[in-house]
Amino acid sequence: MTTAGRIEESPRATFLAYAARGQLGYQVAKGSGRPVFFPRVTEPVTGDTDLEWRVSMGIGTVYATTTVRPRGDEPHNVSMVDLDEGFRMMSTVTGTAPDDVRVGQRVRLVMLPLGPDGAELPAFELLEEKS
Amino acid sequence: MTESLRGRTAIVGVAESDLGEVAPGTTPADLMGQAAVRALDDAGIELSEVDGLFAAGTQMMMGSLSLGEYLGINARYSDGSNTGGSSFEAHLHHAEAAIAAGLCDVALIAYGSTQRSLLKSGGVIPQEAPNPYEEPYSPMMPISAYALAASRHMHQYGTTREHLARVAVAAREWAVMNPVAWSRKPMSLEEALAAPMISDPLSVKDCCLLTDGGGAVVVTSAERAKDTKKSPVFVLGSGEAQSHLHISSMPDFTTTPAVQSGERAFEAAGLGIADIDVVELYDAFTINTLLFLEDLGFCGKGEAGAFVTDVGIGPGGGLPVNTNGGGLSYAHPGMYGLLLLVEAVRQIRGESGDRQVADCDVALVNGNGGFLSSQCTTILGSEATL
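Reading guide: rules and limits
As a convention, each chain's residues are numbered from 1 in the sequence order in which they are written. Following the order in which they are written, the chains are lettered starting with A and the ligands numbered starting with 1. Where totals are concerned, whole chains, interfaces and linings use all residues; where local detail is concerned, this predicted model gives features only for residues with pLDDT of at least 70, and gives and counts side-chain atom pairs only at 80 or more. Derived side-chain values reflect all non-hydrogen atoms in the structure, with water molecules and hydrogen atoms excluded from consideration. The rule is simple: take the accessible area with a 1.4 Å probe, protein chains only, and divide by the maximum for that residue type; under 20% is buried, over 50% is exposed, in between is partly exposed. Counting from the N terminus, the helices are DSSP H or I runs at least four residues long and the strands are E runs at least two residues long. Any two residues having at least one pair of non-hydrogen atoms within 4.5 Å are treated as being in contact. Buried Ala, Val, Leu, Ile, Met, Phe, Trp, Tyr and Cys residues form a nonpolar core when they are joined through side-chain atoms within 4.5 Å. For two strands to count as paired, DSSP must find a minimum of two bridges between them. Helix axes are fitted to C-alpha atoms over the stretch in contact, other axes to C-alpha atoms as well, and angles between N-to-C directions run from 0 to 180 degrees. An automatic or database domain assignment is the source of the domain bounds shown. Two parts placed together each lose some accessible area; with a 1.4 Å probe, that loss summed over both constitutes the buried area. What counts as a salt bridge is simple: a side-chain nitrogen of Lys or Arg found within 4 Å of a carboxyl oxygen of Asp or Glu. Any N or O atom pair separated by 3.5 Å or less is treated as a polar contact, with the protein-specific requirement of one donor-capable and one acceptor-capable atom, and with residues adjacent in sequence counted only for side-chain atom pairs.

Digging into helix H2 (residues 63-71) of chain B
Residue and element names in this part refer to chain B.
Part 1: Along H2, the residues that are buried comprise Gly63, Ser64, Ser66, Leu67, Gly68 and Leu71.
Part 2: In the core, the buried residues of H2 are packed alongside helix H1 (28-43), strand E2 (52-55), strand E3 (77-79) and strand E4 (106-113).
Part 3: Following H2 by one or two positions, Gly72 adopts a phi angle in the positive range, close to 70 degrees.

Comments concerning the nonpolar core
One broad rule of soluble globular proteins: the nonpolar side chains tend to lie buried together.
All names here are of chain B.
Part 1: Among the nonpolar cores identified, the biggest contains 136 residues, and Ile11, Leu108, Val217, Leu293, Leu364, Ile379 and Leu380 are the most heavily contacted of them.
Part 2: Leave out the neighbours within four places in its chain, and Val217 touches Ile11, Gly13, Val14, Ala39, Ala107, Leu108, Ile109, Leu338, Leu341 and Val342.
Part 3: In terms of nonpolar packing, the next biggest core, distinct from the first, is built from six residues, Ala165, Val169, Leu189 and Ala192 among them.

Looking at the sheet that holds E4 of chain B
Residues and elements named next belong to chain B.
Part 1: The mixed open sheet is built from nine strands, whose spatial order is E3-E2-E4-E7-E1-E8-E11-E10-E9. In the strand order of this sheet, the two ends are held by E3 and strand E9 (278-281), each with one partner. Strand-to-strand twist across the sheet, computed as the mean angle between neighbouring axes with direction ignored, equals 25 degrees.
Part 2: For E4 and strand E7 (residues 213-221), the ladder comprises eight bridges, and the chain directions are antiparallel. Counted as the bridge partner of Val106 is Thr220 from E7.
Part 3: Contacting E2, E3 and E4, H2 crosses the sheet at an angle of about 125 degrees to E2.

What to know about the pairing of strand E11 (residues 374-381) of chain B
Residues and elements named next belong to chain B.
Part 1: The buried fraction of E11 amounts to eight of the eight residues, a majority that puts the element mostly inside the structure.
Part 2: Alignment of strand E8 (residues 233-242) against E11, held across eight bridges, turns out to be antiparallel. Among the inter-strand pairings, Val235 is bridged to a residue of E11, identified as Leu380.
Part 3: In the sheet, strand E10 (residues 362-369) pairs with E11 via eight bridges, with the strands oriented antiparallel. For Ala363, the partnering residue across the bridge sits in E11 and is Leu380.
Part 4: Linking two consecutive strands that pair antiparallel, namely E10 and E11, is a turn of four residues; a positive phi of about 75 degrees is found at Gly370 within it.

Side note on the domain arrangement of chain B
Residue and element names in this part refer to chain B.
Part 1: Domain boundaries assigned for chain B yield domain 1 (9-122 + 211-231) and domain 2 (141-203 + 237-385).
Part 2: In this structure, domain 1 and domain 2 have C-alpha centres spaced 23 Å apart.
Part 3: With 41 residues of domain 1 at the interface, the matching set in domain 2 holds 30 residues.
Part 4: Of the roughly 2700 Å² buried where domain 1 meets domain 2, counting both sides, 64% is carbon and sulfur surface.
Part 5: The largest per-residue losses of area from domain 1 upon contact with domain 2 belong to Glu16, Glu89 and Thr211, which jointly make up 23% of the total buried on that side.
Part 6: Scanning the region where domain 1 abuts domain 2 turns up three salt bridges.
Part 7: Between Arg349 and Asp42 there is a salt bridge whose closest N-O contact spans 2.8 Å.
Part 8: At the boundary of domain 1 with domain 2, the tally comes to 17 residue pairs in polar contact (both at pLDDT 80 or more).
Part 9: Within the residue set of the side of domain 1 that touches domain 2, elements represented by two or more residues are strand E1 (9-16), helix H3 (87-100), E4, helix H4 (115-120) and E7.
Part 10: Of the residues forming the side of domain 1 that touches domain 2, the biggest block, eight residues, is contributed by H3.

Below, the structure is given as structure tokens:
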């Protein structure tokens, strides 16, 4: 376990800086080689702080999916996506009917203005689509 | 080797507070106070004897202080651990240790919620701060978290919406026999399946009720329990486990930490699945019941859909599960875990009326907290099990 120094830029700020450039940033612990997501200061389990940032290729597989049906509003998709680099994140699969999304489908990264003040954040669309 | 806590403590009093929709202006502390006095009366123990306070809630930050203030108790031991809905099984575990160590003699665990009334009057139930890696995608929490888990279970094991609906129907069948259950109108499988979807694959009938309510449990040493009003119900084993807080960090959406909490509780109790007479599982959503039946070992992983269909968990089924009607049909006041203990104790005492399970000596309770995040398992038994 390495000692954590002062946090000069928060993991969240780094993640958002990647997103602002249209990229999905994630961390890898150099010692173990394991990907880490959500971004943080130490690697879970080991406590190592040798985390380096990488940019995901943005290709993944739907791990779990739900169509959320808010009363009086249009339904929308919420999915868990397993990125090919080995980490999982919550996101949404767009560009298709929300209840057409299936577990196991391949997806690719698109950026959508979902953040506060319209900040771009990672979302996904079906890989098979628009081909 | 740790010292065995098996049978060292007993639950000697249980009570519900008012349930359903409470009188206007009632506070969560009113319900804790009401339930506490009822539970102490059930035990035949004076309020002045209480020296350990355990509480958690969604409408109070400092539950044990609120409880002590309301009842005028200067506790020498207090615990406000909050693991979500499983908090009260955790409190019971902690009370076992505290009583065995002599840190308190009579522990009062209490809960109260007025969430239904609060929402009706335009109020908002305080939540955990939004997770910036989930909130932008607008999941409807907590329902969507459980819906995601259900979607994965269906994909991986062929579980169907009908399997989920069978859980809801079984809960309703029990609730029909519980005079204080909120939903007592019989419900067919077809009705359950036709209910409107909220967060696919979960419909409104796959989701727990939203009621007011609360309860209290009085715990003391096996020694002190000899001189109480009713037969003590002994704490045979407890187990806690946790694997995440937010659903997006759950390692495997089809397997909960009930695997570990169950193993720990069974080991502490020196018992196995075959010894369990009645099962009380935290059914905030129908998928919970399936996951916990598997994770606790009542059936294999992926087999709970077939289990609820072929063995059955309703009245007359092979395994009595959620005999009060559960969070799905009896009551779900924000955090339901304390009411699981109340029903388990009543079943072992033989006080459950029309829904009483025959020859009930051992009950398993599994509390769930967060988003399948915390699991706390408790095994309770009659004097015959010591």
